[in-house]
Amino acid sequence: MAIENPYYTHEFHGDYELIGLGEFALEEGGVIPDLQLAVATFGTLNEARTNAILVTTWYSGTHQIFRDVYIGPDRALNPEKYFIVVVNQIGNGLSTSPHNASGANAGIAMSKFPRVRIGDDVRAQEQLLREHFGIERLKLVVGGSMGAQQTYEWMVRFPGRVERAAPIAGTAQNTPHDYLFTKALVEAITSDPGFKGGEYSSNADVVDGLKRHAGLWAVMGFSTEFWKQEVWRALEFDSKEAFMEGFLEPYFTAMDPNDLLCMAWKWQHGDVARNAGGDLAEALGRNEALARIMPINEDMFFPVRDHEHEAELTPHATIRVIDDVLGHLGLFGVAPTYIGQVDQYLQELLDADA
């Protein structure tokens with residue numbers, strides 16, 4: 001049965017609306033009886049419905065980080081010009097997820113939650129935009145990490161519906177390296193005796209596993225230079241241990257283990273080539289959107305060369321490299337120089353004829 005977790009509330013994440021799509025069949029064969037998507041919107045949809053931007057979320061993230069860092073009147077994602085829709089991915093704790101599956105979804109709660117793919121998220125987003133908002137075409141799709149996986153899926157699955165696309169720090173096809181890393185994340189959680197096969201009574205029962213999970217993120221989420229240069233001092237911590245205990249561990253231990261595992265499986269199996277019989281070149285060749293592919297130069301998950309390889313296969317795509325010593329977790333916009341680069345590249349894209 002579903003369990004309570006106060007982290008997944010308006011108190012922590014601000015305003016959002018739950019929008020129901022009804023019964024939703026999944027690509028792996030499962031069904032969500034009553035799919036609820038947590039959606040936050042910013043700005044006003046114009047009468048012609050031509051100013052819509054879709055923002056997709058990453059592993060462990062919600063719309064909150066985009067509201068706080070990426071969206072604003074002085075940003076490229078300007079709600080005074082665009083209608084910005086941030087859709088929380090399935091399984092992220094706000095949308096229908098293992099820990100909150102209740103009512104019609106009670107039969108898929110906790111360990112019984114079905115496998116969800118990146119393609120399921122994108123199909124659900126398309127249905128939501130079309131049925132609830134009447135949006136048939138998007139000015140831009142943008143997202144980081146797992147949000148980049150979803151952005152690529154939009155480019156391949158609905159090429160005529162996307163004018164512009166900006167995948168940030170994420171690839172169209174998950175690499176063997178990232179598969180293995182994500183496997184380690186999963187094992188850090190599931191090896192905790194308190195996990196109980198996914199039928200724990202509280203995320204607190206799995207705190208040791210969640211701390212190990214946070215430790216793995218410390219190794220790969222931040223770059224080697226982040227640790228060598230002691231960048232954590234700029235965040236007002238006096239040691240790397242204090243940074244772990246005061247930043248990374250509290251961030252992850254508040255979350256639900258099954259929700260993280262749901263997203264981890266999606267991440268592992270992200271691959272747009274599934275839309276073209278396993279042929280990545282054919283899949284990416286379907287793209288019609290003007291694209292800016294934006295790797296982070298110190299990213300240890302998704303190095304620049306992986307983005308360059310996919311960009312070569314993607315029509316209308318150009319690489320723009322973000323310089324950030326934090327590495328992958330630069331996505332949180334901690335470095336003061338980060339968001340300015342993102343804004344520059346997004347504004348360049350939005351100003352270009354698509």
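Everything below is about the structure shown above.
Residues numbered from 1 in each chain as written. Predicted model: local features only at pLDDT ≥ 70, side-chain atom pairs only at ≥ 80, totals over all residues. Heavy atoms only, no water.

1. Thoughts on the overall build of the protein
Link 1 in the chain: Looking only at helices and strands, the protein features 12 helices and eight strands.
Link 2 in the chain: Since a compact globule built from 354 residues should have a radius of gyration of about 20 Å, the 19 Å found for the protein is in line with a globular shape.
Link 3 in the chain: Taken along the three principal axes of its C-alpha coordinates, the protein extends 55 × 50 × 40 Å.
Link 4 in the chain: In the protein, which comprises 354 residues, the share counted as buried stands at 58%.
Link 5 in the chain: For the protein, contacts bridging at least 24 residues in sequence account for 77% of all contacts bridging at least 6.
Link 6 in the chain: Accessible area for the protein stands at about 13,500 Å²; split by element, carbon and sulfur atoms hold 49% of it.
Link 7 in the chain: With 27 positive and 50 negative side-chain charges, the protein shows a separation of 3 Å between the mean positions of the two kinds. (Helix = DSSP H or I, 4+ residues; strand = E, 2+ residues; numbered from the N terminus. Rg over C-alpha atoms; globule rule 2.2 N^0.38 Å. Buried < 20%, exposed > 50% of the residue type's maximum accessible area, 1.4 Å probe, protein only. Contact = heavy atoms within 4.5 Å. Areas by Shrake-Rupley, 256 points an atom, 1.4 Å probe, with all protein chains shown as cover. Lys, Arg positive; Asp, Glu negative; His and termini not counted. Charge placed at Lys NZ, Arg CZ, Asp CG, Glu CD.)

2. As for unusual backbone geometry
Link 1 in the chain: With a phi close to 60°, serine 145 is a non-glycine residue in the positive phi region.
Link 2 in the chain: Along the chain, serine 145 falls in the loop between β5 (140–144) and α4 (146–157).

3. Some points on the packing of helix α5 (residues 176–190) against helix α9 (residues 257–268)
Link 1 in the chain: Packing of α5 against α9 leaves a shortest axis separation of 10 Å and a crossing angle of 165°. Overall, the two elements α5 and α9 adopt an arrangement that is roughly antiparallel. Crossing of α5 against α9: the hand is left-handed. Along its contact with α5, which presents Asp178, Tyr179, Phe181, Thr182, Lys183, Leu185, Val186, Ile189 and Thr190, the element α9 presents Pro257, Leu260, Leu261, Ala264, Trp267 and Gln268. (Axes fitted to C-alpha atoms, helices over the stretch in contact; angles between N-to-C directions. Parallel < 35°, antiparallel > 145°, perpendicular 65-115°, else oblique. Left-handed = near helix turned anticlockwise from the far one by under 90°.)

4. Digging into the pairing of strand β7 (residues 290–293)
Link 1 in the chain: Across two bridges, strand β6 (residues 164–168) lies against β7 in parallel orientation. Bridging across to β7, arginine 164 finds its partner in leucine 290.
Link 2 in the chain: Direction of pairing for β7 relative to strand β8 (residues 317–319): parallel, over a ladder of three bridges. What sits directly across from isoleucine 293, in β8, is isoleucine 319.
Link 3 in the chain: After leaving β7, the chain enters helix α11 (residues 304–313) and then returns to the sheet as β8, a path that is right-handed. (Pairing = 2+ DSSP bridges. Right-handed = clockwise from strand over helix to strand, strands pointing away.)

5. Points about the side chain of histidine 328
Link 1 in the chain: The residue histidine 328 is located in the loop between β8 and α12 (338–351) in this model.
Link 2 in the chain: You can call histidine 328 buried: its relative accessible area is 2%.
Link 3 in the chain: When sequence neighbours within four positions are dropped, the list of residues in contact with histidine 328 reads Ser145, Ala169, Trp217, Gly221, Ile296, Asp299, Phe301 and Phe302.

6. A word on the pattern of salt bridges
Link 1 in the chain: Taken as a whole and assessed by the stated rule, the structure comprises 22 salt bridges.
Link 2 in the chain: The partner of arginine 67 in a salt bridge is aspartate 68, and the shortest N-O contact between them spans 2.8 Å.
Link 3 in the chain: A relative accessible area of 29% means that arginine 67 is categorised as partly exposed.
Link 4 in the chain: Judged by its relative accessible area of 46%, aspartate 68 falls in the partly exposed class.
Link 5 in the chain: Ionic pairing is found between aspartate 120 and arginine 123, a salt bridge with its closest N-O pair at 2.7 Å. A residue pair is termed a helical-turn pair when its members lie 3 or 4 positions apart in one helix, as aspartate 120 and arginine 123 do in helix α3 (residues 118–132) at three residues.
Link 6 in the chain: Taking relative accessible area as the criterion, aspartate 120 reaches 0% and is therefore assigned buried.
Link 7 in the chain: Several salt bridges converge on common partners, so that one network encompasses Glu27, Asp120, Arg123, Glu153, Arg157 and Arg274. (Salt bridge = Lys/Arg side-chain N within 4 Å of Asp/Glu carboxyl O.)

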